[in-house]
Amino acid sequence: MTEQQIQQALSSITGWVREDQTIAKVFHFPTYMDGIKFVQKVAEEAEKQHHHPDILIEYRQVTLRLTTHDEGSLTEKDFHLARRLDILVS
Ligand SMILES: C[C@H](O)[C@H](O)[C@H]1CNC2=NC(N)=NC(=O)C2=N1
């Protein structure tokens, strides 16, 4: 993706931070188990998309980081999954 395409794609998602060739978002939950249940749903969506986020599970918060490892860069797959995950948590 060109820089312009990345900037444009960033405007279609909320709360994701661009860090070089990755985008990351922190999700906060009332309990630790709510975060774990969210991770289960993330994993199911990732399997459907054949595209998987890096997941950091901490107490009552989960950080997802997306990049396309096969390309070593951000691609539309990352933004498509990010949009799906935003819906999933809403
Ligand atoms: C064959 C399988 O679809 C690929 O290895 C997928 C798996 N999940 C993936 N997830 C991410 N984030 N990047 C990839 O390049 C990728 N490749």
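Fair warning: this is a prediction, and the values are worked out from it, not measured in the lab. (Residues numbered from 1 in each chain as written. Predicted model: local features only at pLDDT ≥ 70, side-chain atom pairs only at ≥ 80, totals over all residues. Heavy atoms only, no water.)

Asks: Would you mind going over the confidence of the model for the chain with me for this structure?
Replies: Atom-level detail of predicted coordinates should not be read off regions where pLDDT is low. Per-residue confidence for the chain gives a mean pLDDT of 97; residues scoring 70 or more make up 100%. Reported confidence for the predicted complex is 0.94 by ipTM and 0.95 by pTM. (pLDDT = per-residue confidence, 0-100.)

Asks: Explain the packing of aromatic side chains to me, please; I cannot follow it from the model alone.
Replies: Where two aromatic rings form a pair, the distance of their centres and the angle of their planes describe that pair. The full count for this structure, using the stated rule, is 3 aromatic pairs. Judged by centre distance (6.1 Å) and plane angle (75°), the rings of Trp16 and Phe27 are edge-to-face. Taken together, the residues Trp16 in the loop between helix H1 (3-10) and strand S1 (17-19) and Phe27 in strand S2 (residues 22-28) connect sequence positions 11 residues apart. (Phe/Tyr/Trp six-rings, centres within 6.5 Å; stacked < 30°, edge-to-face > 60°. Helix = DSSP H or I, 4+ residues; strand = E, 2+ residues; numbered from the N terminus.)

Asks: Would you mind showing me how to read the side chain of Thr22 here?
Replies: Assignment of secondary structure puts Thr22 in strand S2. Classification of Thr22 as buried rests on a relative accessible area of 15%. In this view, Thr22 contacts Val17, Arg65, Leu66, Thr67 and Leu74; residues no more than four positions away in its chain are not counted. (Buried < 20%, exposed > 50% of the residue type's maximum accessible area, 1.4 Å probe, protein only. Contact = heavy atoms within 4.5 Å.)

Asks: Help me understand the pattern of salt bridges, please; the structure alone is not making it clear to me.
Replies: Side chains bearing opposite charge may pair, as long as their charged atoms lie close to each other. Inspection of every chain in the model, using the stated rule, returns 6 salt bridges. Where salt bridges share partners, they join Glu45, Lys48 and Arg84 into one cluster. (Salt bridge = Lys/Arg side-chain N within 4 Å of Asp/Glu carboxyl O.)

Asks: What is the right way to read the site of the ligand from this model?
Replies: Surveying the vicinity of the ligand reveals the residues His50, His51, His52, Thr67, Thr68, His69 and Asp70. A distance of 2.8 Å separates a nitrogen atom of the ligand from a polar atom in the backbone of Thr67. In isolation the ligand has 400 Å² of accessible area, and contact with the protein removes 63% of it. The residue makeup of the shell around the ligand, split by class, is no nonpolar, 6 polar and 1 charged. (Near = heavy atom within 4 Å. Polar contact = N/O pair within 3.5 Å; in protein donor to acceptor, adjacent residues only side chain to side chain. Areas by Shrake-Rupley, 256 points an atom, 1.4 Å probe, with all protein chains shown as cover. Nonpolar A, V, L, I, M, F, W, Y, C, P; charged D, E, K, R; others polar.)

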